[in-house]
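What the coordinates show
Next come the chains, spelled out residue by residue.
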Amino acid sequence: MSLAEPPHTMEIAQILISLLHAWGLDPDLDRVCESKLGLLRPMVPVCFGVVSRHGHMAVQLPTRLGSWMNDCASAPDDPLLLTSDLPVELLRQEKLTRLFTSKLHWELSTTLTTNHLLSIVALANTLMSMSNASFVPEQEVIRRLHRPTTRTSSWAGDEEREEQLAAQQAHIKQGWSLLATLHCVLLPDKVVAAGAKNFKRPQVEMLARRWQHHCLEVREAAQALLLAELGRLGPKGRKALVDNWAQYLPLYTHTESINPHAAQKEPVEKVARDQEEEFEEEEEEIVRKPSSLAELKRKQTTAVVLLGVIGAEFGQDIASEGAAGNKRRKDGDSRKSSIVEGFTLSATNNLGRLTALALTHLLLAPSSARLPAHTPLRRAAVDLLGRGFAVWEPYLDVSHVLLGLLEMCSDADKLVPSMTYGLPLTPQADSCRTARHALTLIATARPAAFITTMAREVARCAGAAAGAPPPPAALALQRGRAEVLRGIELLIERMHAEVAELLVEVMDIILHCVDQSHLKSKGLNEVFPAICRYNQVSHCPATRRIAVGSHTGQLAIYELRAGRCQSLAAHAGAVTACAFSPDGRYLVSYATADNRLSFWQSTAGMFGLGAAQTRCVKCYSTAPMADVARLNPARLARLVWTNSRTVTLMLADGSETRFNV
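Cut-offs applied
Residues numbered from 1 in each chain as written. Predicted model: local features only at pLDDT ≥ 70, side-chain atom pairs only at ≥ 80, totals over all residues. Heavy atoms only, no water. UniProt positions renumbered as here; feature names shortened; annotations may be inferred. Helix = DSSP H or I, 4+ residues; strand = E, 2+ residues; numbered from the N terminus. Axes fitted to C-alpha atoms, helices over the stretch in contact; angles between N-to-C directions. Left-handed = near helix turned anticlockwise from the far one by under 90°. Contact = heavy atoms within 4.5 Å. Nonpolar A, V, L, I, M, F, W, Y, C, P; charged D, E, K, R; others polar. Phe/Tyr/Trp six-rings, centres within 6.5 Å; stacked < 30°, edge-to-face > 60°. Buried < 20%, exposed > 50% of the residue type's maximum accessible area, 1.4 Å probe, protein only. Lys NZ or Arg CZ within 6 Å of the ring centre and 35° of its normal. Core = buried A, V, L, I, M, F, W, Y, C linked by side-chain atoms within 4.5 Å. Pairing = 2+ DSSP bridges. Patch = residues over 30% accessible without salt bridge, like charges linked within 9 Å, V, L, I, M, F, W, Y side chains within 5 Å. Areas by Shrake-Rupley, 256 points an atom, 1.4 Å probe, with all protein chains shown as cover. Salt bridge = Lys/Arg side-chain N within 4 Å of Asp/Glu carboxyl O.

As named in an unreviewed UniProt entry, the protein is WD repeat-containing protein 7, taken from Euphydryas editha.

UniProt's feature table lists "repeat: WD" (unreviewed entry) at residues 568–601, given in the numbering used throughout. Spanning residues 568–601, this segment combines 0% helix with 53% strand, and its end C-alpha atoms are found 12 Å apart.

Moving on, we get to the packing of helix α19 (residues 447–462) against helix α20 (residues 472–479). Where α19 meets α20, the closest approach of the two axes is 9 Å, and the angle between their N-to-C directions is 115 degrees. The two elements α19 and α20 meet at a crossing, and its hand is left-handed. Of the residues in α20, those touching α19 at Met-454, Glu-457, Val-458 and Cys-461 are Ala-473, Ala-474 and Leu-477. For the contact of α19 with α20, the per-class residue count stands at six nonpolar, no polar and one charged.

On to the packing of aromatic side chains, then. One pass over the structure, following the stated rule, counts five aromatic pairs. Pairing Phe-135 with Trp-176 gives two aromatic rings, centres 6.0 Å apart and planes at 80 degrees, and the pair type is edge-to-face. Here Phe-135, found in the loop between α6 (110–129) and α7 (137–145), pairs with Trp-176, found in helix α8 (residues 155–193); they are 41 residues apart in sequence, far enough to count as distant. Grouping residues by exposure puts Phe-135 and Trp-176 together as buried. Here the guanidinium or amino end of Arg-238 rests over the ring plane of Phe-314, the centre of that ring lying 4.0 Å away.

With that settled, consider the nonpolar core. In globular proteins that are soluble, nonpolar side chains generally tend to be buried together. The biggest cluster of nonpolar side chains holds 132 residues, and the ones touching the most others in it are Trp-176, Ile-488 and Ile-531. The leading source of residues in this core is helix α12 (residues 293–330), at 10 residues. In this structure, Ile-531 is in contact with Ile-492, Leu-503, Val-506, Met-507, Ile-510, Leu-524 and Val-537, ignoring residues within four places of it in sequence. Grouped together as the second largest cluster of nonpolar side chains are 17 residues, Ala-579, Leu-636, Leu-649 and Leu-651 included.

Burial of strand β12 (residues 646–651) is extensive: five of the six residues sit out of reach of the surface. Bridge count between strand β11 (residues 637–643) and β12: six bridges; the pairing is antiparallel. Across the sheet, Leu-639 pairs through a bridge with Leu-649, a residue of β12. Hairpin connection between β11 and β12: a loop of two residues separates the two successive antiparallel strands. With five bridges joining them, β12 and strand β13 (residues 656–660) adopt antiparallel strand pairing. Note on β13: the bridge partner recorded for Val-647 is Phe-659. In this antiparallel pair of consecutive strands, β12 and β13, the connection spans four residues, and Gly-654 shows a positive phi of 95 degrees.

Here the focus is the pairing of strand β3 (residues 537–540). By the alternation rule, side chains of β3 split into Val-537 and His-539 and Ser-538 and Cys-540, which are all buried. Here β3 pairs with strand β4 (residues 545–549) via four bridges, running antiparallel. Counterpart to Ser-538 in the pairing with β4 is Ala-547. The antiparallel pairing of β3 with β4 creates a hairpin that spans four residues between the two strands, and Arg-544 there sits at a positive phi of about 55 degrees.

With respect to the secondary-structure elements, Ile-451 resides in helix α19. C-alpha separation for the pair Ile-451 and Leu-502, spaced 51 residues apart in sequence, amounts to 7.6 Å. Residues within four places of Ile-451 in sequence aside, it is in contact with Ile-488, Leu-491, Val-499, Leu-502, Glu-505, Val-506 and Ile-509.

This brings us to a nonpolar patch on the surface. A cluster of nonpolar side chains, namely Val-51, Met-57 and Val-59, defines an oily patch on the protein surface of about 290 Å² accessible area. In this structure, Met-57 sits in strand β2 (residues 57–59).

Before going further, it helps to examine the sheet that holds β12. Sheet strands pair via backbone hydrogen bonds, and the direction of the pair is either parallel or antiparallel. Taking strand neighbours across the sheet as the criterion, the three strands line up as β11-β12-β13 in an open arrangement whose pairing is antiparallel. Here the strands that pair on one side only, and so sit at the sheet edges, are β11 and β13. Each neighbouring strand pair of the sheet contributes to a mean axis angle of 25 degrees, computed without reference to strand direction.

Our next topic: the sheet that holds strand β8 (residues 586–591). Spatial ordering of the open sheet is given by β7-β8-β9-β10, a layout of four strands whose pairing is antiparallel. What marks the edges here is a single partner per strand, and that holds for β7 (577–580) and β10 (613–621). Pairs of neighbouring strands in the sheet enclose a mean axial angle of 20 degrees, with direction left out of account. As paired strands, β7 and β8 are joined by four bridges and run antiparallel to one another.

Enumeration according to the criterion identifies 17 salt bridges in this entry. Between Asp-26 and Lys-190 there is a salt bridge; the shortest N-O distance is 3.9 Å. One end of the pair, Asp-26, is in the loop between α1 (9–20) and α2 (27–37); the other, Lys-190, is in helix α8, and 164 residues separate them in sequence. For Asp-26, a relative accessible area of 18% puts it in the buried group.

So, in structure tokens, the structure goes:
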């Protein structure tokens, strides 16, 4: 029977992860791996190799065999081995294995270390995402034999078994999590503590090239390992890395590369496949000049991703540290700052701007033979624009970036399957998924920028001349309506207070993106219920009007029939609540800023034609609320109509007052 057939999948995984685990670095974790996870401890040293693109394997072996044997002879014995009943020769082999896996294996090659860590972290994360993924035979039998039952007589026993299985699964997931943490975060310190004098660190350039690997598990492992390694380098190490790779950063205009070397590149076929290939090279090759156009292209690709990662993940911290240093200098502190900037995003340094331009170019450049639509490089640029938007924002045209992301993820609902089942993604679906995630990161990082930019594009589309061809923004907004509404709903849920300051702009976006025909027969609370959480928003289905109170004291009244919006200066401060009467004749508004409640009446022409005239028909002064600053602004007050002419003001302090119009 072929080993590639499904029944042997878990057995192969057990063998691979048992060989890949760094035995001997953490004795407690080793015991967990054997008892809880079912890993098999190798009894002899195992050597690894790297397979080239042409199918050749280079096996890495220790070059100082005599020194290795002396180290093994002088190494302290494991107390567990001393009490073992194994023969002397097997004990010696076990000692050799423990020394090799914990120390000597990690001194061979940076390429080997990188591939080894990628493999085991990806495997550990995959097994951690599965249910009861343990190789212990007894636990596997229990999991397969367990079946939920509906018999009432055994409910108590079933609940107890469910609790036991849940606890068992939690222990198994914790074991895989500890295994991934050891190799991703703790390994360098553990190897050095084991006596390694020349630990070969993972190559950051190899990890950067896998930042958007087609396999999601390898992608997540590469990202975790790269961020961990960049964190270990510290500011000085990151600065040296940036100085080393900045020379390869391609320079872009709006459409073409202007790098003198890049301009000589010949068209490259199958670019998407080439970007996925494994390029195995040692760290010393970073500093030498590229010997061919293919190598230059590879270094430019790596530079864009690597500098983008450093800027996105560490740029904000460095900027804040720089600001703190400037403050110290202004305060008269003449001591030299110990902070060495690894990636400067200041006005005197062009690197941040050039990196942002390169990422934007990769997002917006049209599909071509040189840069296909769905490649790992383009996905990496999209991902890094989202991750580091707060850093790149000063150098970006935010409208172009958001519209480009909307265009890319407009078909996400059709292309991206449910990630619960771990289904493989097509390149197009992967691009949609990445663009959707980038939009979410941008919206939550800068909600005001996201909302005002979208509102500006909506106003531009609405102001386009009738009969003229729609602007490109209109097409992108039309195709990405669902994604825009999803982003607005997410912001309302996570950043309620920030959205409250831009309610009028948010309503402009919502009314542009929702299907207007739905508002004819349904209320706003059915079409887009998230916005109705604000007491400053009210919809009258009878007259098809929507009122929104702004933080500036303005009342925006939307006439859906006529497609107009009227703005009124209603209060001296932020509007706290507003509500239409049941018949739609009156609108009431209240603000704690001026402690005033106002009734408004609108008169429109027949069938909604003509300009509506809205005027204040009655005002009341209300008692001020105590300790308004300590109360939740979203729950300060609520207006409830008891009949068509009477409204009740319900305040957060529990008081209720009736007012008649």
